[in-house]
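The lines below spell out each chain.
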Amino acid sequence: MNPSALLKNKLIQNIFSQGFVQLANYAVPLLVIPYVTRVLGPELFGTASFAQNLASYGTLLVHFGFEFSATQEVSINRDNPEKLQKTFWEVVAFKFLLLIFSFAVLFFFCDDQHNSTLVFAAALLNVGCVVFPSWFLQGVEQIAKMSLFTFFVRIIGAVLVFVFVKSPEHVLFYLLALSLSNVVVGFVAFFYVIRKFGIKFQVPYRLLQSPSVRKGFPIFLNTFLVNCNVFVGVSFVGNLLTDYDVGIYSGAQKIMNAILMVVSQPFLIALFPRMSKKFDEDKKAGYYFMIRCLGLIALVSAIASVAVYFLSPMAVDLMLGEKFSQSVSLLCLLAPLPLLYTIASALTVQGLFGMQLQKFAPIVGFLVFVSNIFFCWMLIPNTGVDGAAYSWMLCQLVEIVSVMLIIETFRKRM
């Protein structure tokens, strides 16, 4: 394929446009972090990060795997308005029930030791997660629109942080700014989709029989357990070490998370609807299409890993400041993560979910989760925050190996 034809390819355009918007989306938080870390300092930044970490468990619950199961339903039925409408209200209703449950869990289990006010301020973000129909926009391949809404979340949140966070005592305002921006833009996106696609209100019933919920449950178990890799590390550091250590680790983690999203999300979001259709039409053709895509994914993510290693000192100095100098060695240590994480995510999302083998996803998630706890328990007491970094990377290897074994087993039966 010549370069001009390649540039006209819709899938390539989606990947590049999504990559550009993701870069813009995460450039804004990276501009906010230097300000926040300098205003709050390592200790209070660590306290806020720990509150965000606890609230993030609720975020995983509310998403429930709908980013893949509901996206797949919308993609397959995009020409059927009745099914789209039914899917829309089923997903929104189920997300709302999960939101209530997540707040109930926080209410009963959160205590003053974990700064409950800060945790609930951080958890308000999940209201925005309920109403923001990113899964719907992905399914109809309006990825640029979805990313644009996300960009506005970042901008509004950044403005609120710069306006209201002026001293260490404003740590609560920092968390509220991030949460409220998600809520406001989430509602705007919600009403945009309703109006744009003519979705009328429909009382959802038999939610547990909804295809999105049934397909989403094993995906949720996998996503919840796998994403706990990030949160479990912070939880162990917070309980075994100090707030200062949490701050140092969280600083490096936030930079790395931004890099991971910029590198991996364009492929995951742009490819998944196309990959689902390929596998739905012809499993063999879908498999070979996935293999070709993995080559490009590996190349881009490997370049990102090399860049992280060499640019870590500059990134930490620019983003976090001199008080976070210990984060440099952590970020260098985590340099292989963009390659490992992107390959693991691509195999799971494009391969396992694309082939509709999501029933095996909880097994993979459980293996990764148990491995993470074991690695953290073994490594953090002896190596400190470095142990959390090692655990994060080792878990990606566990996911890669386990998913490859499942895919190869079913490929032989095609």
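Predicted model, so just to flag it, every value in this text is computed and none were measured.

Bringing the overall build of the protein chain into the picture now. Of the regular secondary structure elements, the protein chain holds 16 helices and 0 strands. Buried positions account for 56% of the 414 residues belonging to the protein chain. Here the contacts in the protein chain between residues at least 6 apart in sequence split such that 85% fall between residues at least 24 apart. Carbon and sulfur atoms form 69% of the exposed surface of the protein chain, whose accessible area is close to 18,400 Å².

Right, let's get into a nonpolar patch on the surface. Together, Phe101, Val105, Phe107, Phe108 and Phe109 make up an exposed nonpolar region whose accessible area comes to about 630 Å². Topologically, Phe107 is positioned in helix H4 (residues 81-109). With relative accessibility at 59%, the residue Phe107 sits in the exposed group.

For the rest of this paragraph, the subject is the pattern of salt bridges. Inspection of the entire model under this criterion finds 1 salt bridge. A salt bridge links Lys86 to Glu90, with the nearest nitrogen and oxygen atoms 2.5 Å apart. With Lys86 and Glu90 both in helix H4, this residue pair falls 4 residues apart, about one helical turn. Judged by relative accessible area, which is 35%, Lys86 ranks as partly exposed. For Glu90, a relative accessible area of 3% puts it in the buried group.

Taken as a whole and judged by the stated rule, the model has 22 aromatic pairs. Judged by centre distance (5.6 Å) and plane angle (35°), the ring pair of Phe88 and Phe190 falls under tilted. Of this pair, Phe88 sits in helix H4 while Phe190 is found in helix H9 (residues 171-196), placing the two residues 102 residues apart along the sequence. No difference in accessibility class separates Phe88 from Phe190, as the two residues are buried. A network of ring pairs unites the aromatic residues Phe88, Trp89, Trp135, Phe136, Phe190, Phe191, Phe197 and Phe201 as a single cluster.

What counts and what doesn't
Residues numbered from 1 in each chain as written. Predicted model: local features only at pLDDT ≥ 70, side-chain atom pairs only at ≥ 80, totals over all residues. Heavy atoms only, no water. Helix = DSSP H or I, 4+ residues; strand = E, 2+ residues; numbered from the N terminus. Buried < 20%, exposed > 50% of the residue type's maximum accessible area, 1.4 Å probe, protein only. Contact = heavy atoms within 4.5 Å. Areas by Shrake-Rupley, 256 points an atom, 1.4 Å probe, with all protein chains shown as cover. Patch = residues over 30% accessible without salt bridge, like charges linked within 9 Å, V, L, I, M, F, W, Y side chains within 5 Å. Salt bridge = Lys/Arg side-chain N within 4 Å of Asp/Glu carboxyl O. Phe/Tyr/Trp six-rings, centres within 6.5 Å; stacked < 30°, edge-to-face > 60°.

These figures come from the coordinates and say nothing about function on their own.
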